[in-house]
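# Overview (structure and organization)
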Amino acid sequence: MSDVVQLDITLLGRQFSIATPVEERETLEQAVRLLGEKIDTIQASGRVMDTDKVAIMAALNIAHDLLKVKVGDGGLEMAIIQRKIRSMSEAADQVLNAGQSGLSA
């Protein structure tokens with residue numbers, strides 16, 4: 001069982017204490033920095049927003065960035081990969097169904 005450490009962070013002027021496995025501490029710290037940067041960018045836009053809206057907008061920006069991440073050297077986006085997998089699965093199902101039909105004839 002891995003050791004757990006407490007990580008104290010501050011976001012939007014609020015203190016949080018988060019438990020995390022020791023081996024994931026660095027990744028969590030990176031996530032906190034990324035979220036902090038997104039929050040700062042949103043707040044720097046000059047539009048006055050309450051903290052809940054800033055937090056939601058930052059989370060949406062990060063989720064959107066994650067979904068746009070390119071995979072591999074081919075530069076395939078996740079949506080394209082999912083469509084290709086679905087298409088290959090459908091093609092495999094058709095071949096298997098045709099093979100089963102041929103066996104029963």
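Residues numbered from 1 in each chain as written. Predicted model: local features only at pLDDT ≥ 70, side-chain atom pairs only at ≥ 80, totals over all residues. Heavy atoms only, no water.

## Some details on the side chain of Thr20
The test is simple: Numbered from the N terminus, helices here are DSSP runs of H or I no shorter than four residues, and strands are runs of E no shorter than two. Only heavy atoms matter for contacts: two residues are in contact if any of them lie within 4.5 Å across the pair.
Within the secondary structure layout, Thr20 lies in strand S2 (residues 14–21). Among all residues touching Thr20, those that are not within four sequence positions of it are Asp3, Val4, Val5, Arg25 and Leu28.

## Digging into unusual backbone geometry
Basically, it comes down to this: Exposed residues in this analysis have more than 50% of their type's maximum accessible area, buried residues have under 20%, and partly exposed residues fall in between, with area computed by a 1.4 Å probe over protein chains only.
A positive phi angle, near 55°, is found at Leu12, a position not held by glycine. Along the chain, the position of Leu12 falls in the loop between strand S1 (4–11) and S2. A relative accessible area of 26% means that Leu12 is categorised as partly exposed.

## Some thoughts on the packing of helix H1 (residues 25–44) against helix H2 (residues 51–68)
For the record, the criterion: Structural elements are reduced to axes, namely lines fitted to C-alpha atoms, with helices fitted over the stretch in contact, and the angle between N-to-C directions of any two is expressed from 0 to 180 degrees. Angles are sorted into four bins: roughly parallel if under 35 degrees, roughly antiparallel if over 145, roughly perpendicular if 65 to 115, and oblique for all others. Should the near helix be turned anticlockwise from the far one by less than a right angle, the crossing is termed left-handed; should it be turned clockwise, right-handed.
The N-to-C vectors of H1 and H2 enclose an angle of 120°; their axes lie 9 Å apart at closest approach. Of the possible angle classes, the one that applies to H1 and H2 is oblique. Considering the relative orientation of H1 and H2, their crossing is right-handed. Of the residues in H2, those touching H1 at Leu34, Leu35, Lys38, Ile39, Ile42 and Gln43 are Val54, Met57, Ala58, Asn61, Ile62 and Asp65.

All quantities given are derived from atomic positions and should not be read as evidence of function.
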